[in-house]
Amino acid sequence: MKILAAVLAGGQSSRFGSDKALALLDGRPLIDHVIAALAPQAEALVICGRDYPGYIGIADLPAPGLGPLGGLCAALHHAAATWHDAVLCAPCDTPGLPHDLAARLGAGPAVVLGQRSIGLWPAALAPRLLAMLEDCGERSIRRWITLSSAREVDCGAFANINRAGDMPPG
């Protein structure tokens, strides 16, 4: 299976108070931790919702401000256009992702239990997600999981940094 890795980085970081993708953890931006975990599991990697030096940046679809689903929709369409079979995605605020995440998720669609914006999605779902976002304006990731029949897989616990206080001391 040819996998496209996608880092979801188009959020406004309103709960964090500053650009959390660039917040330092162990001397590196959070986004770099996610890139380091996802890149070895894929043939290519994109950053959704922003530009980031050294990587292909793609705009959220169908428009910015749709949360993780806008980034996932863009990644699915990019994957389909570049002959990838699936998208392995995670938000930029989830350091400590397992380096075998794709294998743990197995055949998609699948999401991490308790971390629903981390998942493995067949590129063939691109039109279906776009239709959901455009036709009914639905932005609920839970609704998308139901519509796509995604499985929830227990991949263990790891960080999800939403507020500055969630950052590990260091």
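Before any of the text, the structure's been laid out above.
Read on for an overview of the structure. Going along each chain's sequence as written, the residues are numbered from 1 onward. Local features are withheld for residues below a pLDDT of 70 in this predicted model, meaning they are given only at 70 or higher, and side-chain atom pairs are given and counted only at 80 or more; totals for whole chains, interfaces and linings count all residues. By convention in this description, side-chain values take in all heavy atoms of the structure and omit both hydrogens and water.

**A short note on the pairing of strand E1 (residues 3-8)**
Stage number 1. Think of it in three bands: residues with accessible area under 20% of the maximum for their type are buried, residues over 50% are exposed, and the middle band is partly exposed, with areas taken using a 1.4 Å probe on protein chains only. The secondary structure listing takes helices from DSSP runs of H or I that are at least 4 residues long and strands from runs of E that are at least 2 residues long, numbered from the N terminus. Within E1, six of the six residues are buried, which leaves the element mostly enclosed by the surrounding structure.
Stage number 2. Because side chains alternate across E1, one face comprises the buried residues Ile3, Ala5 and Val7, and the other comprises Leu4, Ala6 and Leu8, equally buried.
Stage number 3. As paired strands, E1 and strand E6 (residues 86-91) are joined by six bridges and run parallel to one another. Opposite Ile3, over in E6, you have Ala86 as the bridge partner.
Stage number 4. Only when DSSP finds a minimum of two bridges between them are two strands counted as paired. Pairing geometry for E1 and strand E4 (residues 44-48), over five bridges, is parallel. Along E4, the bridge assignment pairs Val7 with Ile47.

**Notes on the packing of aromatic side chains**
Stage number 1. Within 6.5 Å between ring centres, the rings of Phe, Tyr and Trp (the latter by its six-membered ring) count as paired, and their orientation is classed by plane angle as stacked under 30 degrees, edge-to-face over 60, tilted in between. Summed over all chains, the structure comprises two aromatic pairs.
Stage number 2. Centroid distance Trp121 to Trp144: 5.8 Å. Interplanar angle 35°. Geometry classified as tilted. Here Trp121, found in strand E8 (residues 115-122), pairs with Trp144, found in helix H5 (residues 141-148); they are 23 residues apart in sequence, far enough to count as distant.
Stage number 3. Overall, the relative accessible area of 1% leaves Trp121 in the buried class.

**So, the state of the cysteines**
Stage number 1. When two cysteine sulfur atoms lie within 2.5 Å, the pair is treated as a disulfide. Following the criterion strictly, the structure yields zero disulfides and no others.
Stage number 2. Here Cys48 stays unpaired: no disulfide links it, and the sulfur of Cys89, its closest cysteine neighbor, is 7.9 Å away.
Stage number 3. A relative accessible area of 0% places Cys48 in the buried class.

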